[in-house]
Amino acid sequence: MNNYETFFQLHLQSAPFIIANAWNVKSAKLIEDNGYQAIATSSGAIANSLGYEDGEKVPFNELLYVVKRISSCTNIPLSVDFERGYTNDLAALNENIQHLIDVGVVGINLEDAQGEEIYLKKLSNIKNYLVKTNQQLFINARTDGFLQKIDSPLERTLERAKLYKEAGADGLFVTGVQDTRIIKEITAAVSLPVNIVGTPKLSTVKTLADCGVKRISMAVFLYNATYKQLEKVIREIKEEQSFAPLF
């Protein structure tokens, strides 16, 4: 199987797979070297590491450079946090998709924070482009209803899941939900494999596996944990006037 096929199959296993979120080559190689089956990027982590705010503040060409370096230095499937596509122009959106495919990306997260109407246009446009050009890319449809605290978030999430699948989504990434009862309702009602982020309230794989989740990601939390430890070491060196914390 090629990397796309491998990545697609990971979502069909009986047990969920864990995907760790990288922000540079070193973090990606550590993920691969420690036996993870796939790598995802975190837009928040990449943005922060480059001195930008999250939310498409990173110019796409800078994001692409980081992604290209990660892809060229690793061998397992790579999925990119594509946010909202880094453009509202559909032709430019296709160009961005092609750039990602050209550097070896096999999956994307595409978020619906702009609302269903524009999201469905973007999603359908990407899927049609992939079909027309005979290319493959796993589209993980990120839906932010719970995160944005919209009215009736569960009902809207289930409605969106149906619409997004019809438009070409391969997976459903639900953000902002931490209630296991609600997660079970979503996975029971949705035919797409569901992606949830591990959080303090959802801190074990077993908890999410019991909810029917197929993909568990780490978002920006891995990046935050890494730099929290780095900050601790730097602070201790200064406070103790010793380099012992380095060793």
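Structure's up top.
So, here is what we can say about the structure in this document.

Basis of the calculations
- Residues numbered from 1 in each chain as written.
- Predicted model: local features only at pLDDT ≥ 70, side-chain atom pairs only at ≥ 80, totals over all residues.
- Heavy atoms only, no water.
- Helix = DSSP H or I, 4+ residues; strand = E, 2+ residues; numbered from the N terminus.
- Contact = heavy atoms within 4.5 Å.
- 1 Å grid on protein atoms, 1.4 Å probe; cavity = no way out; pocket = protein on both sides within 12 Å on 5 of 7 lines; lining within 4 Å.
- Points joined across faces, edges and corners; volume = space filled by probe spheres on them.
- Nonpolar A, V, L, I, M, F, W, Y, C, P; charged D, E, K, R; others polar.
- Expected span 1.5 Å × (residues − 1).
- Buried < 20%, exposed > 50% of the residue type's maximum accessible area, 1.4 Å probe, protein only.
- Arc of directions from axis to C-beta.

**Notes on the side chain of Ser71**
Alright, step 1. Along the chain, Ser71 falls in helix H4 (residues 60-73).
Alright, step 2. Beyond its immediate stretch of four places on either side in the chain, Ser71 contacts Leu78, Val103 and Gly104.

**Details of the layout of surface pockets**
Over the atoms a probe the size of a water molecule is rolled, and this reveals where empty space is left.
Alright, step 1. The calculated volume of the largest pocket comes to roughly 510 Å³.
Alright, step 2. No other element matches the three residues that strand S7 (residues 194-197) contributes to the lining of the largest pocket.
Alright, step 3. Looking at the lining of the largest pocket residue by residue, the class counts come to eleven nonpolar, 13 polar and seven charged.
Alright, step 4. Taken as a whole, the second largest pocket encloses approximately 280 Å³ of empty space.
Alright, step 5. What lines the second largest pocket is a set of 14 residues, and nearest its centre among them are Gly198, Thr199, Ser203, Ser217 and Met218.
Alright, step 6. Contributions of two or more residues to the lining of the second largest pocket are made by helix H9 (205-210), strand S8 (215-217) and helix H10 (221-240).
Alright, step 7. Looking at the lining of the second largest pocket, its residues break down into nine nonpolar, five polar and no charged.

**With respect to H4**
Alright, step 1. The terminal C-alpha atoms of H4, which comprises 14 residues, lie 20 Å apart, in line with the 20 Å expected from a rise of 1.5 Å per residue.
Alright, step 2. For H4, the full list of buried residues reads Phe60, Leu63, Leu64, Val66, Val67, Ile70 and Ser71. For H4, the buried positions fall inside an angular range of 165° around the axis, keeping them on one side. With respect to the buried face of H4, the exposed residues turned more than 90 degrees away are Asn61, Tyr65 and Lys68.
Alright, step 3. Next to the buried residues of H4 lie helix H2 (25-33), strand S2 (39-41), helix H3 (43-49), strand S3 (78-81) and helix H5 (90-102).

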